[in-house]
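Residues per chain are reported as follows:
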Amino acid sequence: MSVGDIVMLMRDGVFQILMLVAPVLGAALIIGLVVAIFQATTSIQEQTLTFAPKFFVILAVIALLGGWMFTSMREYTIQLFQMIPLMGR
């Protein structure tokens, strides 16, 4: 296994992680921004107001995209296991 193969595995792994967490982080970022703007305009500084909406939006995104995330991760894992015999050469 050459250095290029190792770099490719690392790059693909990082890309897979970013692809899986981007929808969850994006939704949390958007809802956090909306709640922050709401808090700034109404002068409400309640801590649970920032936590609860993010929590429920993250759960909703995982519920909606969980199947796709699992399928993507399964395909990547199968690809890695199929590469194991090639790594021994």
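Right, let's walk through the structure included here. (Residues numbered from 1 in each chain as written. Predicted model: local features only at pLDDT ≥ 70, side-chain atom pairs only at ≥ 80, totals over all residues. Heavy atoms only, no water.)

On the surface, Met 1, Ile 6, Met 10, Phe 81, Ile 84 and Met 87 cluster together into a nonpolar patch covering about 590 Å² of accessible area. Of all the elements in the fold, those that place two or more residues in the nonpolar patch are α1 (3-42) and α2 (47-87). The element that contributes the greatest number of residues to the nonpolar patch is α2, accounting for three residues. On the secondary structure map, Met 1 appears in the segment before α1. (Patch = residues over 30% accessible without salt bridge, like charges linked within 9 Å, V, L, I, M, F, W, Y side chains within 5 Å. Areas by Shrake-Rupley, 256 points an atom, 1.4 Å probe, with all protein chains shown as cover. Salt bridge = Lys/Arg side-chain N within 4 Å of Asp/Glu carboxyl O. Helix = DSSP H or I, 4+ residues; strand = E, 2+ residues; numbered from the N terminus.)

Here we take up α2. Here α2 contains 41 residues, and its C-alpha end-to-end distance of 51 Å is more than 12% below the 60 Å for a straight helix at 1.5 Å per residue. At Leu 65, α2 shows its largest bend, some 60 degrees. Taken residue by residue, α2 has Val 61, Met 69, Ser 72, Tyr 76 and Met 83 as its buried positions. Contacts from the buried residues of α2 go to α1. (Expected span 1.5 Å × (residues − 1). Bend = angle between axes of the 7 residues up to and from the residue. Buried < 20%, exposed > 50% of the residue type's maximum accessible area, 1.4 Å probe, protein only. Contact = heavy atoms within 4.5 Å.)

Of all hydrophobic cores here, the largest spans five residues; its members are Leu 20, Val 24, Ala 27, Val 61 and Met 69. Mapped onto this core, the elements with two or more residues apiece are α1 and α2. Top contributing element to this core by residue count: α1, with three residues. Ignoring any residue separated from it by four or fewer positions in sequence, one finds Leu 20 in contact with Trp 68, Met 69, Ser 72 and Met 73. (Core = buried A, V, L, I, M, F, W, Y, C linked by side-chain atoms within 4.5 Å.)

In short, geometric facts, not functional conclusions.
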